[in-house]
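Each chain, letter by letter, is given below.
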Amino acid sequence: MSTQTEQPAPSAPEAPATLKRALGTPLLYFFILGDVLGAGVYVLIGQVAAKSGGAVWVPLAVALGLALLTAASYAELATKYARAGGASYYATLAYGPFVGFFTGFCMLAAGIVSVAALARGFGGTYLTAFVHLPVALVAVLFLAALALLNARGISESTRANVVATVIETSGLLLVIGLGVWLVVRGDGDPGRLVQLGTPEHGPVAAALSGAVLAYYSFVGFETSVNVAEETRNPRRAYPRALFGALGTAGLIYAAVGAAASAAVPTGVLAGSDGPLLEVVRAAGAVPEWLFSAIALVAVANGALLTGIMCSRLAFGMARERLLPAFLTRVLPQRRTPWAAIAATTALSLVLALTGDIETLAATLVLLLLVVFFTVNTAVLVLRRRDHSGNPDHFRAPALIPVLGALSCVLLATQVDAAVWLRGLVLLAVGAALGLVSTVVSRRKRTEAEAAASETAGASKTAGASAVPGVPETATQPRDTGTALD
């Protein structure tokens, strides 16, 4: 008989990689709160005081209001499109792959730079209270430990974040308590709380100038949209966790600012690299090493949460074919994006070993303002396209995204020219890579459509070649294969 080569059955298309839904509202709340209550508040109060005067709480309140505008846009999009990828995914839906890649690049670059800066910060002044080690060695060990915790699973990472958030929040509450105690015992001056303005700036200009710095203290909420896919019932959990965390952070920041300003002269706060440590020193009741330990926890927690964001964002962008496909690989059992974690950690390590904190942090706010502007305008674009009438998601009032976009423009006008120069270089790199990614994606799509068209045409031709009334085998060539016994 003749041999027939058996054709293998076509394999089913591989299902897209998905992430495990492990987060509820409490864990998500602590995730956002821990990211917002990062290392910034431990160093920024003094700089805000230098810009605004003793009424530090005013620019903090203004910054919270501006942050809530953009947060509302994030809440709408995260509950409407609960997928890893965050701002990049929203921009792709609204404006196409080029803007999607560009937005994701800005977000990813900001996150990687932030982790690198925090890695160097961890090996700085606060750590020297316990041990003296080379900053480069600390950065390597620090980032390796964060990557392993990130890869172990988001439940484990966010549970560690709950503990860290409690510790760093306790440190801020300690500062509030010590500030009140200093005022009660007569060593403070509550009158400084209404001193808004400096010799260079009047009250309004001082509040706005201080708000630009204070805005950085609230940055971090945007990272949470990248874990919306890992959240149970995100349409209900996400808005509650987001606004609850920002509200909590705002109250804590305002109280910390008021306590520090009332307890310590404005000039002392403005001239200190560790302004909250000045409150501890003035009170004299708490060991300085204890507060240094709390600050280290705050730095580590901020780096962990930003690292989670970076890896999930890279995973989401790769799944949308905006980054190489290997970044979608996940661990079989834990379903965590190990390839994205390894890649983003490696980039952060390179930056940590080759840069300094000031250089790494200089363009962070500018990059995020570009992202926030895109997100706010994307809400408006996607609303016009959505005619389904599906109300099953959070919806911000119509004016909020407009105000959010305008607030980004306002803050961008306050960025120094030197920062703009460095930022424009990064933005140009992102734009160039976005063009390349768009061209490659378009070419692959065209090739895929052509292949599908050829396959469909071949099938029609084969069907038309059959002779009516004659068995199909009669129209086929005779098999000339080797006969086997």
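Nothing here was measured: the structure is a model prediction, and the numbers come from that model. (Residues numbered from 1 in each chain as written. Predicted model: local features only at pLDDT ≥ 70, side-chain atom pairs only at ≥ 80, totals over all residues. Heavy atoms only, no water.)

Engineer: Help me understand the overall build of the chain in this model?
Structural biologist: Scanning the chain from terminus to terminus reveals 17 helices and zero strands. Residues counted as buried form 51% of the 485 residues belonging to the chain. At a minimum sequence separation of 6, the contacts of the chain that also span at least 24 residues come to 85%. Surface exposure of the chain reaches about 22,200 Å², of which carbon and sulfur atoms provide 65%. (Helix = DSSP H or I, 4+ residues; strand = E, 2+ residues; numbered from the N terminus. Buried < 20%, exposed > 50% of the residue type's maximum accessible area, 1.4 Å probe, protein only. Contact = heavy atoms within 4.5 Å. Areas by Shrake-Rupley, 256 points an atom, 1.4 Å probe, with all protein chains shown as cover.)

Engineer: Would you explain the environment of valine 140 in this entry?
Structural biologist: Relative to the elements of secondary structure, valine 140 occurs in helix 6 (residues 135-152). For valine 140, a relative accessible area of 35% corresponds to the partly exposed category. Along the backbone, valine 140 and leucine 349 are 209 residues apart, and their C-alpha atoms lie at a distance of 6.7 Å. The residues contacting valine 140, other than those within four sequence positions of it, are Leu349 and Leu353.

Engineer: What exactly am I supposed to notice about the side chain of threonine 374 here?
Structural biologist: With respect to the helices, strands and loops of the structure, threonine 374 is situated in helix 15 (residues 364-385). Leaving out residues up to four positions away in the same chain, threonine 374 has contacts with Ala91, Tyr95, Val99 and Thr103.

Engineer: Where do I start with the packing of helix 4 (residues 86-95) against helix 5 (residues 97-122) in this structure?
Structural biologist: Relative placement of two packed helices is described by the angle separating their axes and the distance separating the axes. Viewed as axis vectors pointing N to C, helix 4 and helix 5 meet at an angle of 160°, and their least axial separation amounts to 7 Å. Looking at the two axes, helix 4 sits roughly antiparallel to helix 5. You can see that helix 4 and helix 5 cross each other, and the crossing is right-handed. Counting all contacts with helix 4, which are made through Ala87, Ser88, Ala91, Thr92 and Tyr95, the residues of helix 5 involved are Pro97, Val99, Gly100, Thr103 and Gly104. Grouping the constituent residues of the contact of helix 4 with helix 5 by class yields five nonpolar, five polar and no charged. (Axes fitted to C-alpha atoms, helices over the stretch in contact; angles between N-to-C directions. Parallel < 35°, antiparallel > 145°, perpendicular 65-115°, else oblique. Left-handed = near helix turned anticlockwise from the far one by under 90°. Nonpolar A, V, L, I, M, F, W, Y, C, P; charged D, E, K, R; others polar.)

Engineer: Would you take a moment to explain a nonpolar patch on the surface for this structure?
Structural biologist: The grouping of Phe130, Val131, Leu133, Leu137, Val140, Leu141, Trp289, Leu290 and Leu353 at the surface amounts to a nonpolar patch, some 780 Å² of accessible area in total. For the nonpolar patch, the elements supplying multiple residues, two or more each, are helix 6 and helix 12 (288-319). In terms of residues, the nonpolar patch owes the most to one element, helix 6, which gives three residues. By the element assignment, leucine 353 lies in helix 13 (residues 338-354). (Patch = residues over 30% accessible without salt bridge, like charges linked within 9 Å, V, L, I, M, F, W, Y side chains within 5 Å. Salt bridge = Lys/Arg side-chain N within 4 Å of Asp/Glu carboxyl O.)

Engineer: What is the right way to look at a positive patch on the surface in this model?
Structural biologist: Judged by side-chain charge, Arg321, Arg442, Lys444 and Arg445 come together as a positively charged surface patch. In this fold, arginine 321 is placed in the loop between helix 12 and helix 13. (Lys, Arg positive; Asp, Glu negative; His and termini not counted. Charge placed at Lys NZ, Arg CZ, Asp CG, Glu CD.)

Engineer: Sorry if this is basic, but what is going on with the packing of aromatic side chains here?
Structural biologist: Two descriptors summarise a pair of aromatic rings, namely the distance from one centre to the other and the angle between the planes of the rings. In the structure shown here, the tally under the stated rule is twelve aromatic pairs. With centroids separated by 6.4 Å and ring planes inclined at 15°, the aromatic side chains of phenylalanine 98 and phenylalanine 102 adopt a geometry described as stacked. Taken together, the positions of phenylalanine 98 and phenylalanine 102, both in helix 5 and four residues apart, correspond to about one turn of that helix. Of the residues examined, phenylalanine 98 reaches a relative accessible area of 31% and is grouped as partly exposed. Grouped by ring-pair contacts, the aromatic residues Tyr74, Tyr215, Phe221 and Phe372 constitute a single cluster. Here arginine 185 stacks its cationic end above the ring of tryptophan 181, 4.6 Å away from the centre of that ring. (Phe/Tyr/Trp six-rings, centres within 6.5 Å; stacked < 30°, edge-to-face > 60°. Lys NZ or Arg CZ within 6 Å of the ring centre and 35° of its normal.)

Engineer: Which parts of the structure should I look at to understand helix 4?
Structural biologist: Helical geometry note: an α-helix holds 3.6 residues per turn, so side chains three or four residues apart project in the same direction. With eight of ten residues buried, helix 4 is to be regarded as a mostly interior element. Every buried residue of helix 4 is accounted for by Gly86, Ala87, Ser88, Tyr89, Tyr90, Ala91, Thr92 and Ala94. Contacts made by the buried residues of helix 4 are with helix 3 (57-80), helix 5, helix 12 and helix 15. Phi for glycine 96, located one or two positions after helix 4, is positive at around 105°.

Engineer: Is there a simple way to explain the pattern of salt bridges in this structure?
Structural biologist: When charged atoms on two side chains of opposite charge get close, those side chains can pair. Counting across every chain of the model gives five salt bridges. For the salt bridge of glutamate 76 with arginine 383, the shortest nitrogen-to-oxygen distance reads 2.6 Å. Taken together, the residues span a long stretch of sequence, with glutamate 76 in helix 3 and arginine 383 in helix 15 at a distance of 307 residues. Neither glutamate 76 nor arginine 383 differs from the other in exposure class; each is buried. Arginine 185 is paired through a salt bridge with aspartate 187; the nearest N and O atoms lie 2.5 Å apart. Several salt bridges converge on common partners, so that one network encompasses Glu278, Arg281 and Glu288.

Engineer: I would appreciate a short explanation of helix 5 in the present structure.
Structural biologist: The end-to-end C-alpha separation of helix 5 is 37 Å, in line with the 38 Å expected for 26 residues at 1.5 Å each. Within helix 5, 21 of the 26 residues are buried, which leaves it mostly tucked inside the rest of the structure. (Expected span 1.5 Å × (residues − 1).)

Engineer: Help me out: how do you make sense of the side chain of serine 88 in this one?
Structural biologist: Mapped onto the secondary structure, serine 88 falls in helix 4. Classification of serine 88 by relative accessible area gives buried; the value is 2%. With residues up to four places along the chain from it excluded, the contact list for serine 88 reads Gly100, Thr103, Gly104, Leu313, Met317 and Leu322.

Engineer: Would you take a moment to explain the nonpolar core for this structure?
Structural biologist: Inside soluble globular proteins, nonpolar side chains tend to come together where they are buried. With 127 residues, the main nonpolar core has Ile32, Tyr42, Tyr74, Tyr215, Phe221 and Leu276 as its most contacted residues. Counting residues per element, this core draws most heavily on helix 12, which supplies 18 residues. Residue contacts for leucine 276: discarding those within four places in its chain leaves Val41, Tyr42, Ile45, Leu172, Val175, Val256, Ala260 and Phe291. (Core = buried A, V, L, I, M, F, W, Y, C linked by side-chain atoms within 4.5 Å.)

Engineer: What exactly am I supposed to notice about the confidence of the model for the chain here?
Structural biologist: Interpretation of this model should avoid reading the predicted coordinates in detail wherever pLDDT is low. With 84% of its residues at a pLDDT of 70 or more, the chain shows a mean pLDDT of 80. Looking over the chain, one finds the lowest element-wise mean pLDDT in helix 14 (residues 357-361), namely 69, and the highest in helix 16 (residues 399-412), namely 92. Low pLDDT, under 50, characterises residues 1-13; the stretch is placed with nine contacts to residues that sit more than four places away or in other chains. (pLDDT = per-residue confidence, 0-100.)

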